[in-house]
Amino acid sequence: MENSQGFVQHITAKSENYSQWYIDVILRAELADYSPVRGCMVIRPYGFGIWENIKELLDRRFKATGHKNAYFPLFIPESFLAKEAEHVEGFAPEVAWVTRAGNEELAEPLVVRPTSETIIGHMYSKWISSWRDLPVLINQWANVVRWEKTTRLFLRTSEFLWQEGHTCHRTQEEAEEETLKMLDVYRSFLTEDLAIPVLAGKKTEREKFAGAITTYCVEALMTDGRALQAGTSHNLGQNFAKVFDISFLDKDNQLKYVWQTSWGVSTRLIGGIIMVHGDERGLALPPRIAPIQVIVVPIMPPSSEETVLNVARDVVERLEKICRVELDSRDEYSPGWKFNEWELKGVPIRLEIGPRDIKAGKVVLVRRDTGEKTDVPMENLEDAVIDMLNSVQEGLYARAKRFMDENTHVTNDYGKFKAIIEEERGLIFAPWCGSQECEVSVKAETGATIRCIPMNACSKPGKCIHCGDDSTDWVYFAKAY
RNA sequence: CGGGGCGUAGCGUAGUUUGGCUAGCGCGCCUGCUUUGGGAGCAGGAGGUCGGAGGUUCAAAUCCUCUCGCCCCGACCA
């Protein structure tokens, strides 16, 4: 496939077939590949590099808010999952079972964790006995398994990587505070590090986590106009504390149940990055999480090959101190080929250096988001690279924010609502009466769901988009992944 | 899980309707030479049990049955 500019030849045009474009980008940029096991994917080194950067930056934010990492088992006794009624109902259809080891049937079947509330709850009940043991602030980086009927690379796979935070608190207020704090960690992480603007809000009863009192979320808008749930933070109340008997003696000598939270983001974020920032040329990675931030492409005609390579190596050596840089000195590919390849892979900055530059004492920087080329004197190298990395990070965010703003519609006319969902998609901010009947009907009639009730509630009175009764909230609707 | 489509070399495909000898082409790959500022050129070369299993037939990529996987559109979920 060749687009009008004649650059990218190996990926489907984004404008023609978004789904195929998405898959092509992942496979061609070598982020991931299909595995021999249905619904499972292999995350290749370049894709895993993105995940490693996500982990590092998020982990730093978790540590800064007082959390510590731990690891709980992959296998959970069947009986645990069954203890919380809503929880088991929510997850039962998609759990994988281990019923046999070698030739022996297990006395109690084990489930492969779809999430770890239950086994962590069990452990917490052993560890907590006094108000002095609280709060417990633990996170785990792990894989989980949910047997999915329809899978899509990164967005929904039967096994995926994520982090799940699980905390216990002395009071309801403290748990709510933690839930919102971690939601804000996600919000700031997505906006600052992934350059993805989000809506932060609360899920409706229907959309909330199985077993939670309240689920908060960050929702992002993909460039095809569909919303993606990018992260969730749950206030679990005392639901799990009661069934796993996580209790403590409080200051007033009363035995009380703890108040819990859990929160998570997954490798799905990588799908979000692709669909928010990617373009006709392929991936475009925010510098903060790009495995390679600067790719150095030497232009080396045989006569000056040694000279150019030596200067290029010096440049790499200088840049290694301030960013993630690599040298592409492969001789078997032409410079033009490399330009396209690294653009497809979304590297934020390309640094070109050839005989002409060396003569002039400069290098050429090309930014991925705009394609703009800049000559930079050799002595300003570090400053220019740092400035440009920041500028690309901001540029990607600004572009994504503009897209989200331009694709957020406000209406209380159901006819218009249907037309928007049908024709242009995007987010629709509309009044809602609060009833599940209307929520379900809207979904059945348009395919759109309530993505969230925004945090800073809109107090403007309105009439429900569906039934016309007085609204309780203005909410965001969208078709979602 | 329902409806539709597709599996032929690493990738993209022709051939399948109407069975027939050695399965053709492009890209990529290997070797050599020339090249190098937006996917370089020439020459030579390697690579296939046609997704898998069974069946029909003198003969199967092609027909039949079953099965696995992927994609698209819906229903369900991070």
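Residues numbered from 1 in each chain as written. Chains lettered and ligands numbered in written order. Predicted model: local features only at pLDDT ≥ 70, side-chain atom pairs only at ≥ 80, totals over all residues. Heavy atoms only, no water.

Side note on the overall build of chain A
Working step 1: From N to C terminus, chain A includes 14 helices and 23 strands.
Working step 2: Computed over C-alpha atoms, the radius of gyration of chain A comes to 25 Å, within 12% of the 23 Å expected from 2.2 N^0.38 for 481 residues, which places it in the range of a compact globule.
Working step 3: When its C-alpha atoms are laid out on the principal axes, chain A stretches across 80 × 55 × 50 Å.
Working step 4: Here chain A holds 481 residues, and 55% of them are scored as buried.
Working step 5: Excluding contacts between residues fewer than 6 apart, the proportion of contacts in chain A whose partners are at least 24 apart in sequence is 69%.
Working step 6: Surface exposure of chain A reaches about 21,300 Å², of which carbon and sulfur atoms provide 49%. (Helix = DSSP H or I, 4+ residues; strand = E, 2+ residues; numbered from the N terminus. Rg over C-alpha atoms; globule rule 2.2 N^0.38 Å. Buried < 20%, exposed > 50% of the residue type's maximum accessible area, 1.4 Å probe, protein only. Contact = heavy atoms within 4.5 Å. Areas by Shrake-Rupley, 256 points an atom, 1.4 Å probe, with all protein chains shown as cover.)

Looking at helix α9 (residues 305-319)
Working step 1: Look at α9: 21 Å from first C-alpha to last across 15 residues, which is about the 21 Å you get at 1.5 Å a residue.
Working step 2: Taken residue by residue, α9 has Val308, Leu309, Val311, Ala312, Val315, Val316 and Leu319 as its buried positions. The buried side chains of α9 occupy one side of the element, clustering within an arc of 165° when seen end-on. Summarising the geometry of α9, the exposed residues directed more than 90 degrees from the buried face are Glu306 and Glu317.
Working step 3: Buried-residue contacts for α9 involve β15 (294-298), β16 (325-327), β17 (349-353), α11 (355-360), β18 (362-367) and α12 (381-406). (Expected span 1.5 Å × (residues − 1). Arc of directions from axis to C-beta.)

Things to note about the layout of surface pockets
Working step 1: Of the voids in this model, the largest pocket is the one considered here, and its volume is about 1,400 Å³.
Working step 2: Along the walls of the largest pocket sit 41 residues, with Glu94, Arg146, Glu207, Gln229 and Arg268 positioned nearest its centre.
Working step 3: The set of elements that each furnish at least two residues to the lining of the largest pocket consists of α4 (85-91), β8 (159-169), β11 (227-237), β14 (259-266) and β22 (449-454).
Working step 4: Counted by class, the lining of the largest pocket contains 13 nonpolar, 12 polar and 16 charged residues.
Working step 5: A domain split of the lining of the largest pocket shows at least three residues from each of domain 1 (18-277) and domain 3 (408-478). (1 Å grid on protein atoms, 1.4 Å probe; cavity = no way out; pocket = protein on both sides within 12 Å on 5 of 7 lines; lining within 4 Å. Points joined across faces, edges and corners; volume = space filled by probe spheres on them. Nonpolar A, V, L, I, M, F, W, Y, C, P; charged D, E, K, R; others polar. Domains from an automatic or database assignment.)

Some words on the nonpolar core
Working step 1: In terms of nonpolar packing, the biggest core is built from 57 residues, with Leu31, Ile54, Leu58, Phe154, Leu190, Leu194 and Ile274 touching the most fellow members.
Working step 2: Ranked by the residues each element gives to this core, the list is headed by helix α2 (residues 45-64), at seven residues.
Working step 3: Counting contributing residues, this core receives three or more from each of domain 1 (18-277) and domain 2 (292-391).
Working step 4: Ignoring any residue separated from it by four or fewer positions in sequence, one finds Ile274 in contact with Trp21, Tyr22, Val25, Ile26, Leu31, Phe154 and Leu283. (Core = buried A, V, L, I, M, F, W, Y, C linked by side-chain atoms within 4.5 Å.)

Some remarks on the domain arrangement of chain A
Working step 1: Along its sequence, chain A is organised into domain 1 (18-277), domain 2 (292-391) and domain 3 (408-478).
Working step 2: Spacing between the C-alpha centres of domain 2 and domain 3 amounts to 49 Å.

Here we look at the protein's contact with RNA strand B
Working step 1: Lining the immediate surroundings of RNA strand B are 47 residues, of which Arg156, Gln229, Arg268, Trp337 and Asp357 lie closest.
Working step 2: Each atom of RNA strand B within 4 Å of the protein belongs either to a base or to sugar and phosphate, the latter forming 40%.
Working step 3: Between RNA strand B and Ser334, the relevant distance is 2.5 Å, taken from a phosphate oxygen to a side-chain nitrogen or oxygen of the residue.
Working step 4: Of all the secondary-structure elements, those providing two or more residues to the surface near RNA strand B are α1 (18-28), α10 (335-344), β17 and α11.
Working step 5: Class assignment for the residues of the surface near RNA strand B results in 16 nonpolar, 13 polar and 18 charged. (Near = heavy atom within 4 Å. Polar contact = N/O pair within 3.5 Å; in protein donor to acceptor, adjacent residues only side chain to side chain.)

Quick notes on the pattern of salt bridges
Working step 1: Scanning all chains against the criterion turns up 29 salt bridges.
Working step 2: In this structure, Asp193 and Arg61 form a salt bridge, with 3.1 Å as the shortest nitrogen-oxygen distance. You can see Asp193 sitting in helix α6 (residues 172-193) and its partner Arg61 sitting in helix α2, a full 132 residues away along the chain.
Working step 3: Residues Asp250 and Lys256 are paired through a salt bridge, measuring 2.8 Å at the closest nitrogen-oxygen approach.
Working step 4: Ionic contacts of the salt-bridge type, sharing partners, join the residues Arg281, Glu343, Arg350, Glu352 and Lys373 into one network. (Salt bridge = Lys/Arg side-chain N within 4 Å of Asp/Glu carboxyl O.)

Considering the confidence of the model for chain A
Working step 1: Chain-level pLDDT for chain A is 93 on average; 98% of the residues reach the 70-or-more range.
Working step 2: Within the model, pLDDT remains below 50 along residues 1-8, and this stretch shows 17 contacts once partners closer than five positions in the same chain are excluded. (pLDDT = per-residue confidence, 0-100.)

Observations regarding the environment of Asp375
Working step 1: Note on placement: Asp375 falls in strand β19 (residues 373-377).
Working step 2: We classify Asp375 as partly exposed; its relative accessible area is 48%.
Working step 3: Those residues in contact with Asp375 that lie beyond four places of it in its chain are Lys362, Val363 and Val364.
Working step 4: Here Lys362 takes part through its side chain, which lies 3.4 Å from a polar atom of the side chain of Asp375.

Brief notes about empty space enclosed by the protein
Working step 1: Scanning the entire structure with this criterion turns up three cavities of 30 Å³ or more.
Working step 2: In this structure, the largest cavity spans a volume of roughly 60 Å³.
Working step 3: Lining the largest cavity, in full, are Phe339, Trp342, Glu343, Val347, Pro348, Ile349, Arg350, Val366, Arg367 and Arg368.
Working step 4: Secondary structure elements with two or more residues in the lining of the largest cavity: α10, β17 and β18.
Working step 5: Counting residues per element, the lining of the largest cavity draws most heavily on α10, at three residues.
Working step 6: Considering only residue class, the lining of the largest cavity consists of six nonpolar, no polar and four charged.

As for the packing of α1 against helix α8 (residues 268-277)
Working step 1: Put simply, α1 and α8 touch, their axes get as near as 11 Å, and they point 115° apart. The element α1 and its partner α8 pack so that their crossing is right-handed. Counting all contacts with α1, which are made through Tyr18, Trp21, Tyr22, Val25 and Ile26, the residues of α8 involved are Gly271, Ile274 and Met275.
Working step 2: Here the contact of α1 with α8 is built from residues that sort into seven nonpolar, one polar and no charged. (Axes fitted to C-alpha atoms, helices over the stretch in contact; angles between N-to-C directions. Left-handed = near helix turned anticlockwise from the far one by under 90°.)

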